[in-house]
Amino acid sequence: MQKTFALIKPDAVAAGNTGAIISRIEKEGFTIAGMRKMKITRAQAEAFYGVHKARPFFGELVSFITSGPVVALALEKADAISAWRDLMGATNPAQAAEGTLRKEFGTSIGTNATHGSDAAETAQFELALFFPEIG
C-alpha cells in the first residue's frame, strides 16, 4: 500500500462538491487514512507551495488556497500516487479526460477542485505538513 496526499480545494468545497468527490475516492478503492476539513494558514500555504516561491503566480496560489475551507486527505491504495493523479485528471479541466474529477468539478486551471502529490517525496512532505500523526 502506498500513501498519498489529496486536497479538495476551496472552490470545490464552496460549490458543495466535497461529498461527491469523497464518494468517488471510495468507489475507486482508496482507503481514507486521514481526513480533516480545515482552513489552511498562510504559513502552511507558503510551505505547501514553497516549490513555486520564485514563480510570479506564487501569491495567487497562496491567496486562493487560504480563501476558504479545504478538505485534506491521506489516501492509501496500491500505486496511490498515480491512481489519484489519474482520477483527478489534467490540471486544466478543459483538457481533462471525461470521468475525471477536474473535468467534472473544476472550472479553470486555477480553480480545478483537487490537488494531489506528484511523487513519493512530495507525498511524504505534504502528508507530514497536514497529517504529522500519519506520516
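Each remark here, short or long, concerns the structure printed above.
The rules behind the values
- Residues numbered from 1 in each chain as written.
- Predicted model: local features only at pLDDT ≥ 70, side-chain atom pairs only at ≥ 80, totals over all residues.
- Heavy atoms only, no water.
- Helix = DSSP H or I, 4+ residues; strand = E, 2+ residues; numbered from the N terminus.
- Rg over C-alpha atoms; globule rule 2.2 N^0.38 Å.
- Buried < 20%, exposed > 50% of the residue type's maximum accessible area, 1.4 Å probe, protein only.
- Contact = heavy atoms within 4.5 Å.
- Areas by Shrake-Rupley, 256 points an atom, 1.4 Å probe, with all protein chains shown as cover.
- Lys, Arg positive; Asp, Glu negative; His and termini not counted.
- Charge placed at Lys NZ, Arg CZ, Asp CG, Glu CD.
- 1 Å grid on protein atoms, 1.4 Å probe; cavity = no way out; pocket = protein on both sides within 12 Å on 5 of 7 lines; lining within 4 Å.
- Points joined across faces, edges and corners; volume = space filled by probe spheres on them.
- Nonpolar A, V, L, I, M, F, W, Y, C, P; charged D, E, K, R; others polar.
- Pairing = 2+ DSSP bridges.
- Axes fitted to C-alpha atoms, helices over the stretch in contact; angles between N-to-C directions.

Points about the overall build of the protein chain
Here's step 1: When its secondary structure is counted, the protein chain shows seven helices and four strands.
Here's step 2: Relative to the globule expectation of 14 Å for 135 residues, the C-alpha radius of gyration of the protein chain, 14 Å, shows essentially globular dimensions.
Here's step 3: Counting only C-alpha atoms and orienting by the principal axes, one finds that the protein chain spans roughly 35 × 35 × 25 Å.
Here's step 4: In the protein chain, which comprises 135 residues, the proportion classed as buried is 47%.
Here's step 5: Across the protein chain, the fraction of contacts at a sequence separation of at least 24, relative to all contacts at a separation of at least 6, is 74%.
Here's step 6: Carbon and sulfur atoms make up 53% of the accessible area of the protein chain, which amounts to about 6,600 Å² in all.
Here's step 7: Separation between the mean location of the 14 positive side-chain charges and that of the 14 negative ones in the protein chain comes to 5 Å.

Some details on the layout of surface pockets
Here's step 1: Reported here for the largest pocket is a volume of approximately 660 Å³.
Here's step 2: Lining the largest pocket are 24 residues, and of these Lys9, Tyr49, His52, Leu61 and His115 sit closest to its centre.
Here's step 3: In the lining of the largest pocket, the residues fall into nine nonpolar, nine polar and six charged.

What to know about the sheet that holds strand β2 (residues 31–38)
Within a sheet, each strand pairs with its neighbour through backbone hydrogen bonds, oriented either parallel or antiparallel.
Here's step 1: Read across the open sheet, the four strands follow the order β2-β3-β1-β4; overall the sheet is antiparallel. Two strands lie at the open edges of the sheet, namely β2 and β4 (114–116), each paired on one side alone. Each adjacent strand pair in this sheet contributes to an overall mean axis angle of 20 degrees, direction not counted.
Here's step 2: Bridging between strand β1 (residues 2–8) and strand β3 (residues 70–77) involves seven bridges; their strand directions are antiparallel. Paired with Ile8 across the two strands is Val71, which belongs to β3.

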